[in-house]
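Fold and geometry: a report
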Amino acid sequence: MKISRNTLLTLGALIIFAGFLYVAQNMFNTYILRIINLCAIYSIFAITFNLIYGYTGQFSLGHAGFAAVGAYVAALLTMSAQQKEANFFLTPIVPALATMQWPFLFAIIAAGLLAALVGSLIAWPALRLRGDYLAIATLGFSEIIRVLLVNMQPVTNGALGLKGIPPYTNLFWSWGCVVITLFVIKRLTNTSYGRALRAIRDDEVAAEALGVQLARHKLMAFAVSAFFVGVAGALMANLISTIDPKVFLFFLTYQIVGITVMGGMGSLTGSTIAACLYTIFLEVLRPIESPFTIGNLHVPGVPGMRMVLFSILLLIVILFYRHGLMGTREFSWDRLFEFFRGKKKASPLTNSEGEQE
Amino acid sequence: MSLLKLEEVTKKFGGLTAVKNFSTELAPRELCALIGPNGSGKTTIFNMITGIYVPTQGKISFNGKEITAKRPDIITGYGIARTFQNIRLFQGLNVVENVMLGQHLHLHSNPVEATLNLPGYVREEKRMRLEGMRLLESLGMAQLAHDEPSALPYGQQRKLEIARALATQPRLLLLDEPAAGMSPADSEELMIFIRHILQTFDLSIFLIEHQMRVVMGICPRIIVIDQGEQIAEGTPEEIQNNNRVIEAYLGVADYA
Amino acid sequence: MTFDQFIQNLANGISLGSLYALIAIGYTMVYGILRLINFAHGDIVMLGAYVAFYGVVMFMLPWWVAFPLAIILTAGIGVIIERAAYRPLRSFPRINLFTSAVAVSFLLENLGNVIFGGRPKAFERPAFMDIALQIGEASVLSYTPIIIVTAAILFAILIYIVNRTKVGMAMRALSKDIETTGLMGINTDRIIMFSFMLGSALAAAGGILWAIKFPQINPLMGVMPGLKAFIAAVLGGIGNITGAMLGGFLLGVVEIMIVAFFPDLSGYRDAFAYVILILLLLFRPTGIMGEVQAEKV
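The structure contained in this document is the topic of the report that follows.

Calculation criteria
Residues numbered from 1 in each chain as written. Chains lettered and ligands numbered in written order. Predicted model: local features only at pLDDT ≥ 70, side-chain atom pairs only at ≥ 80, totals over all residues. Heavy atoms only, no water. Helix = DSSP H or I, 4+ residues; strand = E, 2+ residues; numbered from the N terminus. Rg over C-alpha atoms; globule rule 2.2 N^0.38 Å. Buried < 20%, exposed > 50% of the residue type's maximum accessible area, 1.4 Å probe, protein only. Contact = heavy atoms within 4.5 Å. Salt bridge = Lys/Arg side-chain N within 4 Å of Asp/Glu carboxyl O. Core = buried A, V, L, I, M, F, W, Y, C linked by side-chain atoms within 4.5 Å. Buried area = accessible area lost by both parts, 1.4 Å probe. Polar contact = N/O pair within 3.5 Å; in protein donor to acceptor, adjacent residues only side chain to side chain. 1 Å grid on protein atoms, 1.4 Å probe; cavity = no way out; pocket = protein on both sides within 12 Å on 5 of 7 lines; lining within 4 Å. Points joined across faces, edges and corners; volume = space filled by probe spheres on them. Nonpolar A, V, L, I, M, F, W, Y, C, P; charged D, E, K, R; others polar. Pairing = 2+ DSSP bridges. Axes fitted to C-alpha atoms, helices over the stretch in contact; angles between N-to-C directions. Patch = residues over 30% accessible without salt bridge, like charges linked within 9 Å, V, L, I, M, F, W, Y side chains within 5 Å. Areas by Shrake-Rupley, 256 points an atom, 1.4 Å probe, with all protein chains shown as cover.

Here we come to the overall build of chain B. Summing up its helical and strand segments, chain B has 10 helices and 10 strands in all. Its C-alpha atoms give chain B a radius of gyration of 19 Å, near enough to 18 Å, the size a compact globule of 256 residues would have. Counting only C-alpha atoms and orienting by the principal axes, one finds that chain B spans roughly 60 × 40 × 35 Å. Per-residue burial for chain B yields a buried fraction of 55% across its 256 residues.

Written as structure tokens, this is what we have:
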């Protein structure tokens, strides 16, 4: 097979990016590292929401639940026996989990697999529902998962949550997972199965009449999506090192929907870009929530102001930039070159299928 | 042996009987038209054959196998393909991808093999694209392969729907008002095209039409229904001279 | 459980249910017309409660001025939201409308946080609502029957508007077919605006009554009632006003009764609604009163 210019460029960019991660991991302080890691985690969340909604048209609001499953699995599998004992002081932990401690890689995979299992279980009855009803049902499932987390004390430590999860997540883990997620989902959506998913999104009746097994394909989309959400949940648990059921309120899902819409429905690279912008934006604005002084003027901090600005920004994007940052386009080298040569296409919203590298 | 067999098929929606005791048979390689005024139950019959509706009563078999109340995708797998009255192309797929989707049900590679781009899948993908292009070529649409379906003229969209259905390799093709909204000249051309399909592919065609004039020239056998019931069946001449048909149908339609 | 306890729980369940029902109506009206799950509706509930609170505490208004004023102001905010955030997106994919609703919800909650402060505030009920009433052996505070009666009056007004007035007829027509209704010479924009006004007014009333029943208000107080009310709307068959009321009462009574009969399950209380919802959706996807719509093929 010939190696095209674009493949070389992609490889080059990946190597440069890996180099950047290496330098960053060793140079930046934990605060900045945490932000760059969060960018990666939100990227995965948004990419997977794009798969389930942008590509398959299934309005699923279960992301927070899948992420919770992944986070708790990874947390319980990576914490040491002492940490678990320290956490579970009200209700002792179930003996089977008490001393279990796995390497991070296996914990991540287990987190993904269990989330995928939960995703499939949820998808199975939810397959009979369409549109908004699916949205409500999946939102309901996600909330049920959260209520279960609160009530299953011997496994989850209930509302107290888990503290002291080993902070294994670093830039290589998190961005490595982003690259894998992007690669797998991009590949999948380019296969015949991906075409079938898009067909289901466009017209379920016609897709079924052409022999597409709806249940099987939707299940696949749910499972793949939930798997990577679980992985992202695992990364999150081992990054922030303290989780409790409140982290996984449906508020998290809404954020993910917002990010995905801002990036452009159907654009995986758009999801990544929007996730990074969102995370950085929130951090850059952090100072306005604490008191600061400009010259002689003392401004008291306003807690919550960041989210006000974020909601206004989200509204502006939705109202005035309706197709998001990228529309349904993906990043491609050809497009980048065109952009720099000033040969921007007249219609910015043409679908780029077939012209990617 | 008949290819398709409907026995006393009835469909009720609440109190309304859309189709009543409808029976018919289609032989292999036969071209048959189903005509009737608006709302007479033609599409309902198609929807029951293709599994979109479950008949209230009656039995449908295809190729000797009962297919009553089977899922639409399974029925398509048995070899029945259809087009829709209101064009239902996939707007997110380009023209050739629309056709390729018709071949998806014959795909052997599983999603993992496909995602990893294993040689087996690459071969299949290549074959699907080739087959898709070949189909488009035979329809004279090859140069449109990478366009968006919505960019095609109306008549081409209808043809594309037929190509997509043919890609599933059907033994029976159901065409739901393929000439709807077409000019007389275009519908004439379409009828020639349909005859061409019949000769090129080894299949039977069951065709819904609203206007009798369109099918007169090419269909040796015509079934007429009105208000869910079959009122006549025969050659175009027989139908033209049938009193009940004239009464129920020709008198009100735009038959000139 | 004694009979008196049962009566007490029932009164409690009905009053909770009537609150769900009040809020659910706004959801169902908007969904019926725009096919939009207006996730900001729960935050309208919160606004209603806060405006009433500030009317009493800051402007020293008597409750019988502050409460109706709060309802009117909140209804106005509902109209502004529709005009600014939903109307421009009406012809766009539904996800845009949905995301817009989510963004408005974020905005209201966080504005609430910034303006009202994140800490819960104590909502003082008017004195006459705190009188203990004896019903047989059971005792309830007077606000419980007051909530139920107020809600009933509001329902009666609503039913009158929807069924007996011209604008109500237009609303019903709109929820059947928005385009055709427009072609009939009805100003659809105005009717949609009116629906938002009506829905927001009822939500504000629901918010005030909620604050009377649970006298702690905070900027996120609308989230849970909002979601529950939405579930109630779906239970009743979304788009159907009578169904929404029925669904609200059903949900309120079931929630209270399950906890009353099975105290062990009280930790799962917030999950009941969802379990009921999912079961219902699986067995009767259009809700109790919803019409089955066959897709035209």
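From N to C terminus, chain C includes 11 helices and four strands. Scaling as 2.2 N^0.38, a compact globule of 297 residues should have a C-alpha radius of gyration of about 19 Å, and chain C matches this with 19 Å. Along the three orthogonal principal directions, the C-alpha set of chain C runs to about 60 × 50 × 35 Å. Burial analysis of chain C (297 residues in total) assigns 53% to the buried set. Contacts in chain C between residues at least 24 apart in sequence constitute 74% of all its contacts with a sequence separation of at least 6.

One pass over the structure, following the stated rule, counts 23 salt bridges over all chains. Measuring nitrogen to oxygen at the nearest pair gives 3.9 Å for the salt bridge that ties A:K186 to A:E330. In this pair, A:K186 is assigned in helix α9 (residues 171–190) and A:E330 in the loop between α15 (305–320) and α16 (333–341), connecting sequence segments 144 residues apart. Of the two residues examined, A:K186 and A:E330, each falls in the buried class. Among the ionic pairs, B:R221 bridges to B:E233, the shortest N-O distance being 2.8 Å. One end of the pair, B:R221, is in strand β9 (residues 221–226); the other, B:E233, is in strand β10 (residues 229–234), and 12 residues separate them in sequence. Classification of B:R221 by relative accessible area gives buried; the value is 15%. The class for B:E233 is partly exposed, based on a relative accessible area of 38%. Salt bridges sharing common partners tie together C:E82, C:R87, C:R90 and C:D189.

Another point: the nonpolar core. One finds A:F45, A:I243, B:I205 and C:Y86 to be the most contacted residues of the largest nonpolar core, which totals 252 residues. Contact partners of C:Y86, with chain neighbours within four places excluded, come to C:L36, C:N38, C:A40, C:I81, C:L97, C:S100, C:A101, C:V104 and C:F196. Formed by 26 residues, the second largest nonpolar core is a distinct cluster that contains B:L4, B:L6, B:M48 and B:I49.

Contact with chain A, which involves 44 residues of that partner, is made by 43 residues of chain C. At the boundary of chain A with chain C, total buried surface from both sides reaches about 3,800 Å², with 78% on carbon and sulfur atoms. Per-residue buried area on chain A facing chain C is highest for A:Y133, A:Y254 and A:R322; these three make up 17% of the total on that side. If you look at where chain A meets chain C, you find zero salt bridges. Between chain A and chain C we count three residue pairs in polar contact (both at pLDDT 80 or more) in total. Mapped by element, the contributors of at least two residues to the side of chain A that touches chain C are α7 (131–151), α13 (250–263) and α15 of chain A. At 13 residues, the largest contribution of residues to the side of chain A that touches chain C is made by α7(A).

So, on to the side chain of C:S15. Secondary-structure assignment places C:S15 in helix α1 (residues 3–34). Setting aside residues up to four positions removed in sequence, C:S15 forms contacts with C:T144, C:I147, C:I148 and C:K213.

Estimated volume of the second largest pocket: approximately 1,600 Å³. The wall of the second largest pocket is formed by 48 residues, among which A:K246, A:V247, A:L249, A:F251 and C:L220 lie closest to the centre. Residue composition of the lining of the second largest pocket, by class: 29 nonpolar, seven polar and 12 charged.

Residue and element names in this part refer to chain B. When you tally the buried positions in β9, you get six out of six residues, the bulk of the element. One ladder, built from four bridges, connects strand β3 (residues 31–35) with β9; its direction is parallel. Paired with I35 across the two strands is V224, which belongs to β9. Of the strand pairs in this sheet, β9 and β10 are connected by five bridges, and their pairing is antiparallel. Pairing of I222 across the sheet is with G234, part of β10.

Moving on, we come to the side chain of A:T138. Residue and element names in this part refer to chain A. In this structure, T138 sits in helix α7. Classification of T138 by relative accessible area gives buried; the value is 1%. Within polar-contact distance, the side chain of T138 engages the backbone oxygen of A135 at 2.9 Å. In this structure T138 touches F59, S60, L61, G62, I122 and F222, once residues within four positions along its chain are discounted.

Now for the sheet that holds strand β5 (residues 65–66) of chain B. All names here are of chain B. Spatially, β2-β1-β4-β5 is the arrangement adopted by the four strands of the open sheet, whose pairing is antiparallel. Both outer strands of the open sheet, β2 (16–26) and β5, are each paired with one neighbouring strand and no more. Contacting β1 (4–13), β2 and β4 (57–62), helix α1 (residues 42–49) crosses the sheet at an angle of about 115° to β1.

All names here are of chain A. Residues F20, Y22, V23, M27, F28, Y31, I32 and F172 make up a contiguous nonpolar surface patch of about 780 Å² in total accessible area. Where the nonpolar patch is concerned, the elements lending two or more residues are α1 (5–27) and α2 (30–55). Looking at the nonpolar patch element by element, the count peaks at four residues for α1. Residue position: I32 is located in helix α2.

Time to look at the pairing of strand β8 (residues 204–209) of chain B. All names here are of chain B. Counting buried positions over the six residues of β8 gives six, a clear majority of the element. As paired strands, β3 and β8 are joined by five bridges and run parallel to one another. Paired with A33 across the strands is L207, a residue of β8. Here strand β7 (residues 172–176) pairs with β8 via five bridges, running parallel.

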